[in-house]
Amino acid sequence: MWMNLFNPSDTDEVAKKILQKGEIVVLTGAGISTESGIPDFRSPDGIWSRYDFTEYATIDALLKNPVKVFGFFKEFIDPLKTASPNKAHYAVARLEEAGIVKAVITQNIDNLHQKAGSKNVVELHGNATVARCMGCRKLYPLKELESEKYGFPPVCPDCRKLIKPDVILFGEMLPEDALKSAYQYSMGTKLMLVIGTSGTVAPASALPHLAKRSGADIVEINLEPTIITKSVTDYFLQGKAGEIMNELAGKILG
Ligand code: APR
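Bear in mind that the values here come from a model prediction, so they are computed numbers and not experimental data. (Residues numbered from 1 in each chain as written. Predicted model: local features only at pLDDT ≥ 70, side-chain atom pairs only at ≥ 80, totals over all residues. Heavy atoms only, no water.)

Asks: Honestly, the packing of aromatic side chains in this entry has me stumped. Any pointers?
Replies: The way to describe two aromatic rings as a pair is by their centre distance and the angle between their planes. All chains considered together, the criterion is met by 13 aromatic pairs. Centre to centre, the rings of phenylalanine 41 and tryptophan 48 are 5.3 Å apart; their planes meet at 35°, and the pair counts as tilted. Summarising the aromatic geometry, the rings of phenylalanine 70 and phenylalanine 152 are spaced 6.1 Å apart at their centres and angled 85° between planes, so their arrangement reads as edge-to-face. Taken together, the residues phenylalanine 70 in helix H4 (residues 66-82) and phenylalanine 152 in the loop between strand S5 (139-141) and strand S6 (163-167) connect sequence positions 82 residues apart. An aromatic cluster is defined as three or more aromatic residues linked by ring pairs; in this entry it consists of Phe41, Trp48, Tyr51, Phe53, Tyr56, Phe70, Phe72, Phe73, Phe76, Phe152 and Phe170. The ring of tyrosine 56 has lysine 68 lying over it, and the distance from NZ or CZ to the ring centre is 5.0 Å. (Phe/Tyr/Trp six-rings, centres within 6.5 Å; stacked < 30°, edge-to-face > 60°. Helix = DSSP H or I, 4+ residues; strand = E, 2+ residues; numbered from the N terminus. Lys NZ or Arg CZ within 6 Å of the ring centre and 35° of its normal.)

Written as structure tokens, this is what we have:
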């Protein structure tokens with residue numbers, strides 16, 4: 001019903017608005033990576049339609065049943081190693097290169113923004129290419145944990161605690177510095193471009209609201225309207241992030 005209330009926007013109008021503003025901040029979610037073959041979480045065929053996140057993605061579940069949760073990690077994280085950025089990631093990187101995108105704040109752990117060339121990436125939920133000991137906090141390249149010497153689930157040879165992918169599970173605190181930067185960028189921008197997030201998980205979901213309250217225009221790209229669309233979005237570009245971002249970057253960069 002409320003779909004009729006949305007005046008879906010177009011890339012001409014949004015490109016003009018972005019050029020007027022000069023500098024923008026991008027917020028991304030799992031939807032920007034689905035065209036790279038990485039499933040998102042809450043679409044009908046998303047990860048949480050197959051796994052109960054309370055059993056696989058909370059810190060308590062990991063401590064209670066490490067073998068089960070590490071089995072999930074293996075299935076979910078292994079494909080990230082070979083995934084490649086798609087047109088949307090490259091478009092965001094081109095816009096950063098041109099001085100338009102000031103920062104990318106991402107909820108994703110797939111490292112695809114960095115692989116596409118983005119430099120200023122604020123990772124709210126960590127990065128799955130590294131692992132960290134839960135005891136002494138020592139960092140390990142995830143690849144290294146494949147060796148037998150760490151066992152399964154992997155244990156730190158120094159302090160004998162579990163080594164887990166350096167990603168934030170439900171129930172864990174977000175990295176303080178990343179959160180602080182995300183708040184600062186959101187409050188300081190004149191336009192936030194929100195790509196491929198359902199806007200359902202805090203504190204990331206608060207960022208478009210924070211930006212809006214600080215005077216920013218909100219542009220949203222998604223396959224379908226979300227909670228954000230209904231509340232703060234000013235320009236809604238409905239469709240696939242890859243196509244839309246490619247077209248938008250082309251119109252902005254000429
Ligand atoms: N183009 C545009 N939008 C897309 C595309 C696409 N190709 N594919 C999916 N989407 C949209 C979906 O319609 C959905 O609104 O992306 C959104 C993905 O939402 P979620 O699956 O909820 O992912 P996200 O918002 O990133 O989840 C936030 O939840 O489980 C936790 O830690 C996890 O970081 C994750 C957080």
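Asks: Sorry if this is basic, but what is going on with the site of the ligand here?
Replies: Within the structure, the ligand sits among 24 residues, and Phe41, Arg42, Thr197, Ser198 and Asn222 are positioned closest to it. Protein chains shield 95% of the accessible area of the ligand, which is 730 Å² for the free molecule. Considering only residue class, the shell around the ligand consists of seven nonpolar, twelve polar and five charged. Looking at the shell around the ligand, you find at least three residues from each of domain 1 (1-38 + 85-125 + 174-254) and domain 2 (39-82 + 127-167). (Near = heavy atom within 4 Å. Areas by Shrake-Rupley, 256 points an atom, 1.4 Å probe, with all protein chains shown as cover. Nonpolar A, V, L, I, M, F, W, Y, C, P; charged D, E, K, R; others polar. Domains from an automatic or database assignment.)

Asks: Help me understand the sheet that holds strand S7 (residues 191-195), please; the structure alone is not making it clear to me.
Replies: Through backbone hydrogen bonds, the strands of a sheet pair up, either in parallel or in antiparallel fashion. Pairing is parallel across the open sheet formed by six strands, whose spatial order is S3-S2-S1-S7-S8-S9. Only two strands of the sheet have a single neighbouring strand rather than two, namely strand S3 (121-123) and strand S9 (235-238). The average angle at which neighbouring strand axes cross in this sheet is 15°, direction not considered. Bridging between S7 and strand S8 (residues 217-222) involves five bridges; their strand directions are parallel. By the bridge assignment, methionine 192 is partnered in S8 with isoleucine 218. Sitting on the sheet, helix H1 (residues 11-21) is in contact with strand S1 (24-28), S7, S8 and S9, with an inclination near 135° to S9. (Pairing = 2+ DSSP bridges. Axes fitted to C-alpha atoms, helices over the stretch in contact; angles between N-to-C directions. Contact = heavy atoms within 4.5 Å.)

Asks: I tried to follow the domain arrangement of the protein chain on my own but got confused; where do I start?
Replies: When the parts come together, some accessible area is lost, and that loss is often what is quoted as the size of the interface. Assigned domains within the protein chain: domain 1 (1-38 + 85-125 + 174-254) and domain 2 (39-82 + 127-167). Using C-alpha coordinates to define each centre, domain 1 is positioned 27 Å away from domain 2. Domain 1 puts 15 residues into the contact, and the matching count from domain 2 is twelve residues. Taking both partners together, domain 1 and domain 2 bury about 1100 Å²; carbon and sulfur atoms supply 62% of that area. Considering only the side of domain 1, the residues that lose the most area to domain 2 are Ala30, Ile38 and Ile109, jointly responsible for 46% of the buried surface there. For the pair domain 1 and domain 2, the number of links is zero salt bridges. In this structure, the connection of domain 1 to domain 2 is made through three residue pairs in polar contact (both at pLDDT 80 or more). Grouping the constituent residues of the side of domain 1 that touches domain 2 by class yields four nonpolar, eight polar and three charged. (Buried area = accessible area lost by both parts, 1.4 Å probe. Salt bridge = Lys/Arg side-chain N within 4 Å of Asp/Glu carboxyl O. Polar contact = N/O pair within 3.5 Å; in protein donor to acceptor, adjacent residues only side chain to side chain.)

Asks: Just checking my understanding: could you explain the pairing of S6 for this structure?
Replies: Each regular strand displays side chains that alternate between the two surfaces of the sheet. Most of S6 sits out of view: five of its five residues are buried. Of the pairings in the sheet, the one linking strand S4 (residues 126-133) to S6 comprises four bridges and is antiparallel in character. When the sheet's bridge partners are listed, cysteine 133 is paired in S6 with isoleucine 163. (Buried < 20%, exposed > 50% of the residue type's maximum accessible area, 1.4 Å probe, protein only.)

Asks: I'm lost on the state of the cysteines in this one. Help?
Replies: Here is the idea: a disulfide is a covalent bond, and it sits between the sulfur atoms of two cysteines. If you walk through the whole model with that rule in mind, you get zero disulfides. Cysteine cysteine 156 is unpaired, with the sulfur of cysteine 136 as its nearest cysteine sulfur at 3.7 Å. (Disulfide = S-S within 2.5 Å.)

Asks: Would you mind showing me how to read the nonpolar core here?
Replies: Among the nonpolar cores identified, the biggest contains 31 residues, and Leu62, Phe72, Phe73, Ile77, Tyr140, Leu145 and Ile163 are the most heavily contacted of them. Looking at this core, the elements with two or more residues in it are helix H3 (59-64), H4, S4 and S6. Three or more residues apiece are contributed to this core by two domains, here domain 1 (1-38 + 85-125 + 174-254) and domain 2 (39-82 + 127-167). In this structure isoleucine 77 touches Phe72, Ala128, Leu142 and Pro165, once residues within four positions along its chain are discounted. Core analysis: the next-biggest nonpolar cluster, separate from the first, contains 26 residues, Ile24, Val219, Ala241 and Ala249 among them. (Core = buried A, V, L, I, M, F, W, Y, C linked by side-chain atoms within 4.5 Å.)

Asks: What's the story with the side chain of lysine 164 in this structure? I'm lost.
Replies: Looking at the secondary structure, you find lysine 164 in strand S6. A residue is classified by how much of its surface remains accessible, and lysine 164, at 6% relative accessible area, is buried. Engagement of the side chain of lysine 164 in a polar contact is seen with the side chain of glutamate 172, the distance being 3.1 Å. Among residues more than four places away in sequence, those in contact with lysine 164 are Ile59, Leu62, Phe70, Ala131, Arg132, Met134, Leu169 and Glu172.

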